Amino acid sequence: MSQRLEPFSRDRFQVFREIPTRWMDVDTYGHVNNVEYLSYFDTAVNGWLISRGTLDPRWSERVFLVVETQCSYFEELVFPDTVHAGLRVVRLGGSSVTYEIGLFRNDGQSACAQGRFVHVQVDAKTRRPVKISGERRALLASISVP
């Protein structure tokens, strides 16, 4: 039997993105449905890249594709909560980047959910992997942890 993970603490992250929950995120059980958490991961990572000027999904010659996600759940999110998504890079490869993401409810100090999110940078037209370099690499390295 595997050991249960401990939730990440908020101080593990330097970068946060705020995402309000929406009425439509809530399922018949009265909490945010599990599939929405992966959407929050995607929104947090891509929103951060766009806000930092290193990605424009419509016009960039190089874009990121998701190749892997994983999520562990600890506490329910509901509407109306504000999700604070903590981001950090735990692996920066040649063409791939692995993020750890913690989703925190409002001012909570322990993650309600956490996981991994792997991007591969590809040529926007050919969809073939392309090396991460320049400003993008520097930006990703700025939130990288050993």
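Below you will find a few notes about this structure. (Residues numbered from 1 in each chain as written. Predicted model: local features only at pLDDT ≥ 70, side-chain atom pairs only at ≥ 80, totals over all residues. Heavy atoms only, no water.)

**Some points on helix H1 (residues 34-51)**
Test applied: The helix and strand labels rest on DSSP assignments: H or I over at least four residues marks a helix, E over at least two residues marks a strand, and numbering proceeds from the N terminus. Multiplying 1.5 Å by the residue count of a helix minus one yields the expected span of that helix. Between buried and exposed lies partly exposed: a residue is buried under 20% and exposed over 50% of the maximum accessible area for its type, with that area taken using a 1.4 Å probe on protein chains only. Whether two residues are in contact is decided by their heavy atoms, any of which lying within 4.5 Å being enough. Under the rule applied, a polar contact is a pair of N or O atoms within 3.5 Å (in protein, one hydrogen donor and one hydrogen acceptor; residues adjacent in sequence only if both atoms are side-chain atoms).
With 18 residues, H1 extends 26 Å between its outermost C-alpha atoms, agreeing within 8% with the 26 Å of an ideal straight helix rising 1.5 Å per residue. Glu36, Tyr37, Tyr40, Phe41, Ala44, Val45, Asn46, Gly47, Trp48 and Leu49 are the residues of H1 that are buried. Buried residues along H1 sit against strand E1 (15-20), strand E2 (62-73), strand E3 (82-92), strand E4 (96-105), strand E5 (113-123) and helix H2 (134-142). With a side-chain oxygen positioned 3.1 Å from the backbone nitrogen of valine 35, the residue opening H1 is asparagine 33. Phi turns positive, to about 75°, at glycine 53, one or two residues after H1.

**Concerning the nonpolar core**
Considering soluble globular proteins, one finds that nonpolar side chains tend to be buried as a cluster. So the rule is basically this: Only buried Ala, Val, Leu, Ile, Met, Phe, Trp, Tyr and Cys residues count toward a nonpolar core, and they belong to the same one when joined by side-chain atoms within 4.5 Å.
Core analysis: the largest hydrophobic core is formed by 32 residues, its most contacted members being Trp48, Leu49, Leu87, Tyr99, Ile101, Leu103 and Leu140. When residues in this core are grouped by element, the largest group, seven residues, is from H1. In this structure leucine 87 touches Phe13, Val15, Arg17, Ala44, Val45, Trp48, Glu100, Ile101 and Ile143, once residues within four positions along its chain are discounted.

**Here we look at the pairing of E3**
So the rule is basically this: DSSP calls a pair of strands paired once it identifies at least 2 bridges connecting them.
Of the strand pairs in this sheet, E1 and E3 are connected by six bridges, and their pairing is antiparallel. From the neighbouring strand, proline 20 faces E3, where its bridge partner is threonine 82. In this sheet, E4 lies alongside E3 in antiparallel orientation, the contact comprising nine bridges. Paired with valine 89 across the strands is tyrosine 99, a residue of E4.

**So, the sheet that holds E1**
Either a parallel or an antiparallel arrangement is found when strands of a sheet pair, and the pairing is made through backbone hydrogen bonds. Which entries qualify depends on this criterion: Every angle, taken between N-to-C directions, lies between 0 and 180 degrees, and every axis is a line fitted to C-alpha atoms, over only the stretch in contact when it is a helix.
Taken in spatial order, the five strands line up as E1-E3-E4-E5-E2 in an open sheet, and their pairing is antiparallel. The open sheet has two edge strands, E1 and E2, and neither has a second partner. The sheet shows a mean angle of 30° between the axes of neighbouring strands, taken without regard to direction. Sheet analysis places E4 next to E5, joined by eight bridges and oriented antiparallel. Counted as the bridge partner of serine 96 is valine 120 from E5.

Everything listed is a geometric property; what it means functionally is a separate question.
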